[in-house]
Amino acid sequence: MANEDVWEKYAQLLSGLRSLGRVVVAFSGGVDSSFLLKAALEALGPDNVLAVTADSETYPAREREAAKALAQELGAQHEIISTSELGIPGYAENPVNRCYFCKFDLFSHLIPIATARRFGAVVFGAIADDLGDFRPGLKAAKDKGVYAPLQDVMLYKNEIRLLSKQLGLKTWDKPSLACLSSRIPYGEKITKEKLSQVEQAEVFLNDLGFKQVRVRHHDGLARIEVRPQDMAEILKFADLVVTKLKQIGYRYVSLDLQGYRTGSMNESLAVNLGR
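Sequence order as written defines residue numbering, which begins from 1 separately in each chain. Local features in this predicted model are restricted to residues of pLDDT 70 or higher, and side-chain atom pairs are both shown and tallied only at a pLDDT of 80 or more, whereas totals for entire chains, interfaces and linings draw on every residue. Heavy atoms throughout the structure, all of them, feed into the side-chain values; hydrogens and water do not.

Chemist: Is there a simple way to explain the overall build of the protein chain in this structure?
Modeler: When its secondary structure is counted, the protein chain shows eleven helices and seven strands. On C-alpha atoms alone, the protein chain measures out to a radius of gyration of 19 Å, which is about the 19 Å that the 2.2 N^0.38 rule sets for 275 residues. Looking at the protein chain as a whole, 49% of its 275 residues are labelled buried. Pairs at least 24 apart in sequence give 73% of the contacts found in the protein chain among residues at least 6 apart. Distance between charge centroids for the protein chain: 2 Å, based on 35 positive and 34 negative side chains. Under the DSSP-based scheme used, a helix requires at least four consecutive residues in state H or I and a strand at least two consecutive residues in state E, with every element numbered from the N terminus. In this treatment the radius of gyration is a C-alpha quantity, and the globule benchmark scales as 2.2 Å times the residue count to the 0.38 power. For each residue, the accessible area found with a 1.4 Å probe, counting protein chains only, is set against the maximum for its type, and the residue is called buried under 20%, exposed over 50%, and partly exposed in between. Throughout, a residue-residue contact means that at least one pair of heavy atoms, one from each residue, lies within 4.5 Å. Positive: Lys, Arg. Negative: Asp, Glu. His and the chain ends are not part of the count. Where a charge sits is defined by one atom per residue type, namely NZ (Lys), CZ (Arg), CG (Asp) or CD (Glu).

Chemist: Explain the side chain of Ser-181 to me, please; I cannot follow it from the model alone.
Modeler: Mapping Ser-181 onto the fold places it in the loop between helix 7 (157–166) and helix 8 (192–207). Judged by its relative accessible area of 0%, Ser-181 is buried.

Chemist: I'm lost on the sheet that holds strand 6 (residues 221–226) in this one. Help?
Modeler: A pair of strands is labelled paired if DSSP reports no fewer than 2 bridges between them. Pairing within the open sheet is mixed, and its three strands lie in the order 5-6-7. The open sheet terminates on both sides in strands that have one partner only, identified here as strand 5 (213–218) and strand 7 (252–255). Geometrically, the sheet is characterised by an average inter-axis angle of 25° between neighbouring strands, direction not taken into account. Taken together, the six bridges between strand 5 and strand 6 define a ladder with antiparallel strand orientation. For His-217, the partnering residue across the bridge sits in strand 6 and is Ala-222. Fitted lines through C-alpha atoms serve as axes, helices being fitted only where they are in contact, and the angles separating the N-to-C directions of these axes extend from 0 to 180 degrees.

Chemist: Can you walk me through the UniProt feature "active site" (unreviewed entry) in the protein chain in this structure?
Modeler: UniProt positions are given in the numbering used here, feature names are shortened, and annotations may be inferred rather than shown by experiment. Sequence positions flagged by UniProt for "active site" (unreviewed entry) are, in local numbering, Cys-179. Within the secondary structure, Cys-179 is located in the loop between helix 7 and helix 8.

Next up, the structure:
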């Protein structure tokens, strides 16, 4: 897409945000929500924007601190609230619509904040790419009346990265994020212990230099996803990785030869549905 077309989408985004008046931004600190926060601040000014980060068992501590630092850097009003997905009835059983429960609960926390402080809308960072995947959270947003401004103007991840870079956002090349629960297969119970194992394993691999990484939790087996170009490199650390992940609590450690891809846990859904 031509550069001018991307900036036209950005202009439409700013216009759409201005029409909302004052907004609460669901802010995780990832590529998309950071870009949305930046745009909201430009469109509405800092007095009319509140970034809210939900801190829970499924949100890595490292990401919470990064979100706090970035909000401060951008000059945004920022609050961190405590939530607990594992306390939501039905969530821990990990059904295929798990993300619906998560987003519905998140928005149920954010909407009263917006109402009490006279913010006109709650917005979150869903993007055009999400329309092509299984995303129950989109239905939760619709049910709760929450806006997805990036999706409304059909901004895709590659365009958001491009605009973020040109706007000076340091998150422009940040690896894609997802809640820790997304590492556990549907139908397998989610527990604090499993979430902690995943977080420890991914932090360890990040610190080895692998920034785009997932550790998929299959009972006692860790299935590691890295980018195809990083596979040869991670094999150099094979003994170290196996030792560390066994210390964390895994019995077996494997490397997924398909490499990193978003939503790999959804692949089983496609098989079950005959796609």
